[in-house]
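Here is how the chains run, residue by residue.
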Amino acid sequence: MMRSYEIKRISPAVNKTSQKIGPKILVNPYYGCEHQCLFCPANDGFLKRKAFDDFREKGVIRVVENIIDHVDNYILNNDYAKVIHLSPVSDPFQPVEAELQLSRQIIKHAADINMPVAICTKGSVPGELYPLIQKHPHSFVQISILTINEAKRKMLVRGSGASVEELLNEIEAMSDYGIRIIARIDPIFPYITDDMAEFEALVDELKKRKVRYIVSSVADVIEGALDRERGYLEAIQPGLSEKYTNLYTEKINGRLHANTEYRENIFSKLKEICESKGLEFGITWEPDINGNSINHKYSHQISNML
Ligand code: SF4
């Protein structure tokens, strides 16, 4: 898909580009994510925002040029703002960042005003940003590494994103620099990355690089996306589309989830593997069939950090 930008300066008073949730300031400089992961909730439209439809259908990335104004505006109006989250709905280090460097500006600004920053990425964080991230003791980076198997990673992160080797090197370099890392093996894709031997091999590599925290989930699917991706699933593995239809039977809050039995079985195994190696394990928000969280069964302290 050809990509283009639509760059906007938006008044902080009216824009929803950044939001606050309790002490977190959620900052999204880019709308649309070039990594194009399979079943990406943002690109698939869970926010119901035209910007993401435009990315999916036309390849247009919306860019908020004056993002620092928004960060300052929220801090000014909310005494309890404690941490800048970069970026909840699209990757802050997707290829567009190399050209526009808005994520870099945000990290620099956080360091200047002595506010911790929490980064989540499947891309490469430039080494020159490490001192800025490390400056605040409560800053941390979540590196999303879906699998140890590079062929599978490329199948799932279809547009861009760092390779498995690059991500592991990045984790090692940040750990050595004293930056707190959470590894997100997240989400697990049923019948693709739910191989426990591969999961365990990845956990071993992460542990060697001083990772202490692992977070996971099982992919959920925005309505309509499964039909859109049937051909892609079949290309990965004949019959996979039907397996997904049979597994994704729980519709909870407008999203399709793998059935609870499958998810709980996976989480139990992942937790057991991580804890047997002395690592802390947690899951992102995960509902049962009634929409109630099952996180307390699998996560402890780690959930408070995310
Ligand atoms: S990195 Fe995150 S936001 Fe970007 S395509 Fe993948 S799942 Fe979506």
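Below is a short write-up of the structure. (Residues numbered from 1 in each chain as written. Predicted model: local features only at pLDDT ≥ 70, side-chain atom pairs only at ≥ 80, totals over all residues. Heavy atoms only, no water.)

1. Considerations on the site of the ligand
Lining the immediate surroundings of the ligand are Cys33, His35, Gln36, Cys37, Cys40, Asn43, Val89, Ser90, Asp91 and Lys122. Across the shell around the ligand, the residue classes tally to four nonpolar, four polar and two charged. (Near = heavy atom within 4 Å. Nonpolar A, V, L, I, M, F, W, Y, C, P; charged D, E, K, R; others polar.)

2. Some remarks on the packing of helix α3 (residues 67–77) against helix α5 (residues 102–112)
The N-to-C vectors of α3 and α5 enclose an angle of 35°; their axes lie 10 Å apart at closest approach. Relative to α5, α3 is oriented so that their crossing is right-handed. When α3 is examined against α5, the residues Ile67, Ile68, Val71 and Asp72 are found in contact with a partner set consisting of Leu102, Gln105, Ile106 and His109. Among the residues forming the contact of α3 with α5, the class breakdown is five nonpolar, two polar and one charged. (Axes fitted to C-alpha atoms, helices over the stretch in contact; angles between N-to-C directions. Helix = DSSP H or I, 4+ residues; strand = E, 2+ residues; numbered from the N terminus. Left-handed = near helix turned anticlockwise from the far one by under 90°. Contact = heavy atoms within 4.5 Å.)

3. Quick look at helix α13 (residues 260–276)
With 17 residues, α13 ought to run about 24 Å at 1.5 Å a step, and its terminal C-alpha atoms sit 24 Å apart, in line with that. Here α13 has its buried residues at Thr260, Tyr262, Arg263, Glu264, Ile266, Phe267, Leu270, Lys271, Ile273 and Cys274. Glycine 278 occupies a position one or two residues after α13 and carries a positive phi of about 80°. (Expected span 1.5 Å × (residues − 1). Buried < 20%, exposed > 50% of the residue type's maximum accessible area, 1.4 Å probe, protein only.)

4. Quick word on the sheet that holds strand β12 (residues 250–252)
The strand order across the open sheet built from three strands is β11-β13-β12, with neighbouring strands paired in antiparallel fashion. This sheet does not close on itself; its edge strands, each paired only once, are β11 (221–222) and β12. Across three bridges, the pairing between β12 and strand β13 (residues 255–257) is antiparallel. Residue isoleucine 252 lies in a different strand from β13, and its bridge partner there is arginine 255. (Pairing = 2+ DSSP bridges.)

By themselves, these figures tell us nothing about what the structure is for.
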